4 protein chains.
Amino acid sequence: MNSFGSLFRVHIYGESHGSGIGVLIDGVPAGIKLTIDDFLLDLSKRKPGSLGTTPRKESDLPKFVSGIFNEFTTGSPINIFFENNNTDSKVYSDFKSHPRPGHADFAATQKYSGFNDIRGGGHFSGRLTLALVAAGVVAKKILKNTSFVSQIEKIGVLNKEEFHDNLNEYLSKVQTSGDSLGGTISLRVKNIPIGLGEPFFNSVESTISSIVFSIPGVKGIEFGSGFEGVELLGSKFNDCFIDKNGRTASNNNGGINGGISNGNDIFLKIAVKPTSSIFKSQDTFNFKDNCVQPLTINGRHDVAFVLRVPIVLENSVAIALADLYLQNKKIHF
Amino acid sequence: MNSFGSLFRVHIYGESHGSGIGVLIDGVPAGIKLTIDDFLLDLSKRKPGSLGTTPRKESDLPKFVSGIFNEFTTGSPINIFFENNNTDSKVYSDFKSHPRPGHADFAATQKYSGFNDIRGGGHFSGRLTLALVAAGVVAKKILKNTSFVSQIEKIGVLNKEEFHDNLNEYLSKVQTSGDSLGGTISLRVKNIPIGLGEPFFNSVESTISSIVFSIPGVKGIEFGSGFEGVELLGSKFNDCFIDKNGRTASNNNGGINGGISNGNDIFLKIAVKPTSSIFKSQDTFNFKDNCVQPLTINGRHDVAFVLRVPIVLENSVAIALADLYLQNKKIHF
Amino acid sequence: MNSFGSLFRVHIYGESHGSGIGVLIDGVPAGIKLTIDDFLLDLSKRKPGSLGTTPRKESDLPKFVSGIFNEFTTGSPINIFFENNNTDSKVYSDFKSHPRPGHADFAATQKYSGFNDIRGGGHFSGRLTLALVAAGVVAKKILKNTSFVSQIEKIGVLNKEEFHDNLNEYLSKVQTSGDSLGGTISLRVKNIPIGLGEPFFNSVESTISSIVFSIPGVKGIEFGSGFEGVELLGSKFNDCFIDKNGRTASNNNGGINGGISNGNDIFLKIAVKPTSSIFKSQDTFNFKDNCVQPLTINGRHDVAFVLRVPIVLENSVAIALADLYLQNKKIHF
Amino acid sequence: MNSFGSLFRVHIYGESHGSGIGVLIDGVPAGIKLTIDDFLLDLSKRKPGSLGTTPRKESDLPKFVSGIFNEFTTGSPINIFFENNNTDSKVYSDFKSHPRPGHADFAATQKYSGFNDIRGGGHFSGRLTLALVAAGVVAKKILKNTSFVSQIEKIGVLNKEEFHDNLNEYLSKVQTSGDSLGGTISLRVKNIPIGLGEPFFNSVESTISSIVFSIPGVKGIEFGSGFEGVELLGSKFNDCFIDKNGRTASNNNGGINGGISNGNDIFLKIAVKPTSSIFKSQDTFNFKDNCVQPLTINGRHDVAFVLRVPIVLENSVAIALADLYLQNKKIHF
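Rules of the game
Counting starts from 1 at the beginning of each chain's written sequence and moves along it residue by residue. Throughout, the order in which chains and ligands are written sets their labels, letters from A for the former and numbers from 1 for the latter. A pLDDT threshold of at least 70 governs which residues receive local features in this predicted model, and a stricter bar of 80 or more applies before side-chain atom pairs are shown or counted, although totals over entire chains, interfaces and linings include all residues. Side-chain descriptors were evaluated using all non-hydrogen atoms of the structure, hydrogens and water having been removed beforehand. Working definition: helices are DSSP H or I runs of at least four residues, strands are E runs of at least two. Numbering for both runs from the N terminus. Contacts are assigned to residue pairs that have any heavy atoms within 4.5 Å of one another. Defined in terms of a 1.4 Å probe, buried area is the accessible area two parts forfeit on being brought together, summed over both. Criterion for a salt bridge: a side-chain nitrogen of Lys or Arg within 4 Å of a carboxyl oxygen of Asp or Glu. Polar contact is the term for a pair of N or O atoms within 3.5 Å; when the atoms are in protein, one must be able to donate a hydrogen and the other to accept it, and sequence-neighboring residues count only if both atoms are side-chain atoms. Just so you know the grouping, Ala, Val, Leu, Ile, Met, Phe, Trp, Tyr, Cys and Pro go in nonpolar, Asp, Glu, Lys and Arg go in charged, and all remaining residues, Gly too, go in polar. A least-squares fit on C-alpha atoms brings the copies together, and the residues used are those whose pLDDT is at least 70 in both copies. Any two strands between which DSSP finds at least two bridges are classified as paired. Put simply, a nonpolar core is a bunch of buried Ala, Val, Leu, Ile, Met, Phe, Trp, Tyr and Cys residues held in one set by side-chain atoms that sit within 4.5 Å of each other. Think of it in three bands: residues with accessible area under 20% of the maximum for their type are buried, residues over 50% are exposed, and the middle band is partly exposed, with areas taken using a 1.4 Å probe on protein chains only. UniProt positions are given in the numbering used here, feature names are shortened, and annotations may be inferred rather than shown by experiment. Working definition: a ring pair exists when centres of Phe, Tyr or Trp rings (six-membered ring for Trp) sit within 6.5 Å. Plane angles under 30 degrees give stacked, over 60 give edge-to-face, the rest tilted.

Caption draft 1: Up close: unusual backbone geometry. Between Pro199(B) and Phe200(B) the backbone carries a cis peptide bond, its omega angle lying at 15°. Within the secondary structure, Phe200(B) is located in the loop between strand 10 (183-190) and helix 5 (204-212). In this structure, Asn290(A) takes a positive phi of about 60° despite not being glycine. Relative to the assigned elements, Asn290(A) resides in the loop between strand 15 (282-286) and strand 16 (291-295). Not every positive phi belongs to a glycine, and Asn70(C) is a case in point at roughly 50°. With respect to the helices, strands and loops of the structure, Asn70(C) is situated in the loop between strand 5 (68-69) and strand 6 (72-73).

Caption draft 2: Local environment of the interface of chain C and chain B. Counting from both sides, the interface comprises 35 residues of chain C and, opposite them, 34 residues of chain B. Counting each side, the surface lost to burial between chain C and chain B is near 2,700 Å², with a carbon and sulfur contribution of 62%. Sorting the residues of chain C by area buried against chain B places Tyr13(C), Phe69(C) and Phe115(C) first, and these three jointly supply 20% of that buried surface. Counting every contact that joins chain C to chain B gives zero salt bridges. Where chain C touches chain B, the interface holds six residue pairs in polar contact (both at pLDDT 80 or more). Elements that contribute at least two residues to the side of chain C that touches chain B include exactly strand 2 (9-14), strand 3 (20-26), strand 4 (63-66), strand 6 and strand 7 (78-83) of chain C. The leading source of residues in the side of chain C that touches chain B is strand 2 of chain C, at five residues. In terms of residue class, the side of chain C that touches chain B is made up of 13 nonpolar, 17 polar and five charged.

Caption draft 3: Main features of the relation of the copies chain C and chain B. For the match of chain C to chain B, the screw axis carries a shift of 0.0 Å, the RMSD comes to 0.0 Å, and the turn is 180°. Such values leave the two copies arranged in the relation of a two-fold axis. A share of 97% of the interface residues of chain C reappears at the interface of chain B, consistent with the copies meeting face to face through the same patch.

Caption draft 4: Representation of the interface of chain B and chain A in the model. Taken together, the 105 residues of chain B in the interface contact 105 residues of chain A. Interface of chain B and chain A: buried area, both sides summed, is about 7,900 Å²; carbon and sulfur atoms make up 62% of it. Counting across the interface, chain B meets chain A through six salt bridges. Between Glu205(B) and Lys219(A) there is a salt bridge, with its nearest N and O atoms 3.0 Å apart. Among the elements that make up the side of chain B that touches chain A, the one with the highest residue count is strand 11 (residues 218-223) of chain B (six residues). Residue composition of the side of chain B that touches chain A, by class: 46 nonpolar, 42 polar and 17 charged. Both strand 11 (residues 218-223) of chain A and strand 11 of chain B contribute to a ladder of three bridges, which runs antiparallel. Residue pairing in the sheet places Glu222(A) in a bridge with Gly220(B) of strand 11 of chain B.

Caption draft 5: Examining the nonpolar core more closely. In terms of nonpolar packing, the biggest core is built from 309 residues, with Leu321(A), Leu321(B), Leu321(C) and Leu321(D) touching the most fellow members. Each residue touching Leu321(A), except ones within four places of it in the same chain, is listed here: Leu143(A), Phe148(A), Val189(A), Ile192(A), Leu196(A), Val204(A), Ile208(A) and Ile266(A).

Caption draft 6: Expanded view of the UniProt feature "binding site: NADP(+)" (unreviewed entry) in chain A. Residue and element names in this part refer to chain A. Taking the numbering used here, the UniProt-annotated feature "binding site: NADP(+)" (unreviewed entry) corresponds to Arg46. Mapped onto the elements, arginine 46 comes out in helix 1 (residues 37-46). A relative accessible area of 4% places arginine 46 in the buried class. Not counting the four nearest positions on each side in its chain, arginine 46 is found in contact with Asp60, Gly126, Arg127, Thr129, Leu130, Val133, Arg308, Ile311 and Val312.

Caption draft 7: Spatial organisation of the packing of aromatic side chains. As enumerated under the stated definition, the model contains 46 aromatic pairs over all chains in all. Here the aromatic rings of Phe241(C) and Phe106(D) are separated by 5.0 Å at their centres, their planes lie at 50°, and the arrangement is tilted. Of this pair, Phe241(C) sits in the loop between helix 7 (234-237) and strand 12 (256-257) while Phe106(D) is found in helix 2 (residues 105-111), placing the two residues in two different chains. Phe106(D) gets classed as buried once you look at its relative accessible area, which sits at 4%. Taken together, the ring pairs connect Phe106(A), Phe285(A), Phe287(A) and Phe241(B) into an aromatic cluster.

Caption draft 8: Quick look at the sheet that holds strand 1 (residues 3-4) of chain D. Residues and elements named next belong to chain D. Across the sheet, which stays open at both edges, the five strands sit in the order 1-2-3-7-4 with antiparallel pairing between neighbours. For this open sheet the edge positions go to strand 1 and strand 4 (63-66), each flanked by a neighbour on one side alone. Direction of pairing for strand 3 (residues 20-26) relative to strand 7 (residues 78-83): antiparallel, over a ladder of six bridges. Within the sheet, the bridge partner assigned to leucine 24 lies in strand 7 and is asparagine 79.

Caption draft 9: Local environment of the UniProt feature "binding site: FMN" (unreviewed entry) in chain A. Per the UniProt entry, the sites bearing "binding site: FMN" (unreviewed entry) are His123(A), Phe124(A), Ser125(A), Gly258(A), Lys273(A), Pro274(A), Thr275(A), Ser276(A), Ser277(A) and Arg300(A) in this numbering. What stands out for the annotated residues spanning 178 residues is how far apart their C-alpha atoms range, the widest pair being 44.3 Å apart. In this fold, Phe124(A) is placed in the loop between helix 2 (105-111) and helix 3 (129-142). With sequence-adjacent residues up to four places away left out, Phe124(A) is seen in contact with Ala104(A), Ala108(A), Tyr112(A), Pro216(A), Pro199(B), Gly258(B) and Ile260(B). By secondary structure assignment, the location of Ser125(A) is in the loop between helix 2 and helix 3. Residue Ser125(A) is classed as buried on the basis of its relative accessible area of 9%. Excluding anything up to four places from it in sequence, Ser125(A) contacts Ser16(A), Gly120(A) and Pro216(A). Looking at Ser125(A), its side chain comes within polar contact range of the main-chain nitrogen of Arg127(A), at 2.9 Å.

Right, here's the structure in full:
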């Protein structure tokens, strides 16, 4: 399915080298002010440009196709479209028979009997995250008072404390060697209402993780103290309440109890794998020639696409929380 | 929502100290042989009994309420019910005003305006995982050739290599001190068809993580080499194909590329937090008295409920994969 | 699917001659008072007893399995169960090979490869409407100020104006001849809020008709002046507004414009076919013997089950409107 | 919601006087040949042009935005877009305060707090049916062997037998008088597989009626002999089987038993109300001036838009049946 959400419903479409990509958002309340300007900051954060990111340049200006009238949402579905302008599909022709390791080439070709559009990764391209960022801008309008602070925690073996001195050099070295890097990103969501989450199945963690694993390349997520927290004793792990607003002394649970937000910061961390496309030659099976062969991937790609993921993470989580927020509207009897 | 799945649809209901808990499974194909005996092994794996688990004893015999006739599924919804027999609700009365740290007490009382059934955790109890185990038994019938191997990797600070010599002593010591432990569990899913997963949003990782975070106490999940894998260079991380079946030399992606199963083992690991209920006194806010007060939790609980989670993890993942399996049935044109 | 609704979600289960039938209702707000007594009036309206209805007697007392605590809804899923006590399955054995005309026997046996439970119609029995009536009782609690007035308009060839003098005689005559009757029912829903309905696809008419056609035997539905209204000129059909509350001079649209309630009474009518089970012998194909043969249906059945449908119609429409009501809760910006 | 379907999922967007309207179709199997030419015949059937239809002229050429590559479906979501070229929004400015009888103006303005795009009816315009026709073209590709035969049965008071001699004169007369007409349409679906339909709630009738009532102006639907059939005795109404393929001697059930297709023709009829927009002055409430006032509607509209509905009906039913067809794919154990 290309749909996410129960009340704030996001449907994405498009391919890396087709006419463009976009997002259809249904369930947005009428009367929210929404202009092109509202999108520019978040979109710019996702853009390449810095060291370690792809040289593919796209203007990425959103086009409102439907659902917005006189700068306000109308209550009808909002279609936001981004044109593809800078595509170069020459290099993708052979990847169905000689699939790139780490990419969807092999699995998608099997699943779709070879009819998938493989150019630039097609519907599996990281370019689709543009749709998540755009939908997240709308989601953040619904979560008026909530703020999102993301941070890259680690690139390859380098921790954030070491970035200042060593990151550029590290990125350059890896780029020169034709290789790539992954990393981890943390996200803190502040000022979230108490009571979001619809357990049993639609816990805050379930809903957030479900959309976060849609971001290409994410391979892990943890809330609160996560994998490290399991070493704590219960008496240390438990977050005791300290005031009538439900604030807790520690936050090992990441702001979520029983799948429901408890009003403390939601805190989570994700693992992003190294960019799959590398210039270095790789020995991998050629399904037409029926043998292992060296594969060289040309084209344009990020050395460490993790650098562009923080805003994608923020906005994906915003989508999840906006949906839970609308679901939580209470009726009093 | 208390519902999971698109085609294999699981709805759970019940409370820890109500008449019982159960699961309604819709979308199960007709003609699958299903008897009470099919459930006994998996249910026994979830039962307490060993050191470190709760003394609450329940027979946990499933009762087929609907959807099964003459030992075969009929195509109509299957309702499987488990009675609660051994309940003791005395100790839960005060937890709405003096909520237990780590539990849903505070967040659920806020969300449901105090109408939630708090006895034994109510609908938030670990007892609800019985429903997941039962539904997973049916899911495994659909995934005929697939096998599931789970393993506890870590309890508290102890790694699995150290269990043989030290685990019982460790559990006893923590139990005596009135404290509790968490842990990590790995799962390997073998012989899974190529092509499961419905990206963009219903990737294998999204679908699995969504249900796994419904298991009370899970705080992290990673696929393949997960958080550790981000330190690898792309050339090392990428899983090169080595034969015409798509087998890969390494499995850092955990058997999933672009959100789609590639036919290699799906491998994942989860973090389970320490049991929230501990006998040790905890200083935490009393919302009636409007001050921090010591809280002592009596009753019966697991020192390390992680010990009972492996079969819950297995069967939850089976539910997710059964749903993706049914979605992947192809039509040829 | 055995599920209806987006926010007020109804899942039904059970078979006519199994252990019982029931309904799982998810999404019910916490804090609604709900006791067994609340169900008795509506359930009694569905009961047989009068001339023209089946002699099968069931107590039909609801059992609350989950989701209700101390007489209030808890916010967790509500499971309401009805036991089957008075079953007699002898007569159903041959209907898979010699299917009853008008019944699901043939189509269901094909669909479920013969594994369907055919006893008493199994999951296709009119007994399942008990679940709709029960769920409707809860739905009506959500639609606090709305009232439902249903009326049988026609039985066979007899219009309601003629019932007083001729109905009993007509029913007796048809019963004696081993035959059966259908009819039409109207429903007026009063005091419904303006703005319900989620077009494009979830119009009021779409949502109501979707659930109403789940009632076994319904073959037609029309809103407002329906099929007769097509003969009117637009100037006559259009319902002009006459005051600031949106009241209209006529109601040919049945209280719905553009798929959205306009605050006037929702008015609709349905067609219910004659009871399929008749005592009269019917010549119909025997799939085992591969020829047309006379079929005699014994057992117990309604001469005119339409007599028991009004409360089922009311409560089904209440379910649809409760779901639309919860969806329509606005957020102001 | 602007979404329909479980596996063949249709999402529509757009407004009458915005940049255009379109449809996003998710769940379409990969490998279906699909070109612009495939759409032209059905789209031409919906076009105005004949007597009694609007003078608004649009080219209505579909644009494939995503999901189609080298003339085949890829398995990714298909976005088909139609530009609006011939719009004239001058006349719509006052309809929020002086709403047109029969239209969504009043109800939508209330529901969306006045933020709805009212130009040309906005998202409530009959122009949106273009999306249904386009999606139906794809649906028909899935239902390879099934054929659809629709027929206008009645226009105003004129039955189809009288069309040849009197229709043009009738339309001209009504047009001259500034008034409008409704009508009824029948649809016969031939060669439909046995076993479609997912009762309890997703019966064939429920699924079809749900989408058909999304077509603006539809006010009634009946299957088989419908409202007239209720006058028949059961012995006459029941459709006896006459051969091993399940063919029946009569078809009062319209090819559906117990909510499941029985392999005989699905037959249904709908009621379409008279065009709401008429040139004739109407006395109706002005909410700004707080009194009843004459309203004159200028602009362009169909005298009898029912003339353009047959292909919309066909293709809407095709969408419903394609979804049920994909849901019915069996797994054998």
